[in-house]
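What the coordinates show
Take a look at the letters that make up each chain.
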Amino acid sequence: MKKTFLAAALAVVAQIAMVAAPAASQEPTSSSASMISTPAPAAQSDWKVETPYDTDVVLGSTSAPVTVVEYGSLTCPHCADFQNKKFDSFKKEWIDSGKVKFVFRQFPIDQSAMAAAALVHCLPMSEQHQAINGMYGSIKEWAVGDLKATIPAQLTKILGRDVTFEKDFQSCVSDEGFQQIVLKPAFDGMKNGVQATPTFFVNGEKIVGFSEAQPRTIDDLVAKKLAAPASK
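Let me begin by describing the structure that accompanies this report. As the structure is a prediction and not an experimental result, all values here were calculated from the model. (Residues numbered from 1 in each chain as written. Predicted model: local features only at pLDDT ≥ 70, side-chain atom pairs only at ≥ 80, totals over all residues. Heavy atoms only, no water.)

**Concerning the overall build of the protein**
We apply this condition: In DSSP terms, a helix is any run of H or I states spanning at least four residues, a strand is any run of E spanning at least two, and both are numbered starting from the N terminus. Classification of residues uses two cut-offs on accessible area relative to the type maximum, computed with a 1.4 Å probe and protein chains only: under 20% is buried, over 50% is exposed, and between them is partly exposed. The contact criterion used is simple: two residues touch if any of their non-hydrogen atoms lie within 4.5 Å. Accessible surface is estimated by sampling points in the Shrake-Rupley manner with a 1.4 Å probe; for residues, cover comes only from the protein chains shown.
Helix and strand counts for the protein come out as 11 helices and eight strands. By the burial criterion, 50% of the 232 residues in the protein qualify as buried. For the protein, the share of sequence-separated contacts (at least 6 apart) that also reach a separation of at least 24 residues comes to 79%. For the protein, the computed accessible surface area is about 10800 Å², with 54% contributed by carbon and sulfur atoms.

**So, helix α4 (residues 111-120)**
Stated formally: Under this definition, polar contacts are N or O atom pairs within 3.5 Å; protein pairs additionally need one hydrogen-donor-capable and one acceptor-capable atom, and for neighbouring residues in sequence, both atoms have to be side-chain atoms.
Where burial is concerned, most of α4 is hidden: nine out of the 10 residues are buried. Listing the buried residues of α4 in full gives Ser112, Ala113, Met114, Ala115, Ala116, Ala117, Ala118, Leu119 and Val120. One side-chain oxygen at the N-terminal end of α4 lies 3.2 Å from the backbone nitrogen of Ser112; it belongs to Asp110.

**Here's the deal with the packing of α4 against helix α10 (residues 178-191)**
Definition in use: Between N-to-C directions, angles cover 0 to 180 degrees, with each direction set by a line fitted to C-alpha atoms, over the stretch in contact for helices. Any angle that is under 35 degrees is reported as roughly parallel, and any over 145 degrees as roughly antiparallel; angles of 65 to 115 degrees are reported as roughly perpendicular and all others as oblique. Should the near helix be turned anticlockwise from the far one by less than a right angle, the crossing is termed left-handed; should it be turned clockwise, right-handed. Three classes are used: nonpolar for Ala, Val, Leu, Ile, Met, Phe, Trp, Tyr, Cys and Pro, charged for Asp, Glu, Lys and Arg, and polar for all others, with Gly counted as polar.
Across the interface, α4 lies against α10 with an axial gap of 10 Å and an inter-helix angle of 110°. Relative to α10, the element α4 lies roughly perpendicular. The two elements α4 and α10 meet at a crossing, and its hand is right-handed. Only Phe178, Val182 and Leu183 of α10 make contact with α4, whose side of the interface consists of Met114, Ala117 and Ala118. Here the residues of the contact of α4 with α10 sort into six nonpolar, no polar and no charged.

Written out as structure tokens, the structure is:
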């Protein structure tokens, strides 16, 4: 990668890391839960979490009555738990049925996640969710060493085709505005209350974290939104 890109990426990662950390899963108690549902913040009056970004990875019908937005970091263990242990059943129940449009947004919390986010968004849109899914299942294999080599090598395994930095990413990350495009969702999220990963917004209502002990929390909120009377 160009030094300018790495310098910008590292500066942003440092800023994000000051306020963002993986949302830890806690054992449920009578007075607390590891997934907390709160109204979406309004730090910027003109910001709406449903407003699309160029780097959004979207699954499901654009006309689905419920939109779920996830802010995730590709090195976040709790994000990986959601992707590896929950997402398939969530997709089958809600996305494939046309009830939910699911949007994944990058919120990198360290250098490895920033590099991965950048390279994933250089891929064709048709490969991006497959890449994200595969990288969450193999964090220990790519998030160490020379990222310029380990990430393309892992993407080669995930996508089933030859992926190299020079062929697939060099011209993309050399674009002057590329890092700003990749990082804008994270910056906007920080300004509007995203401080941990994963953070979900279900039709604007925020849930922080994912816990295997309470795997249906996000499903329950989706069901609540579906049951609510349509706004006029």
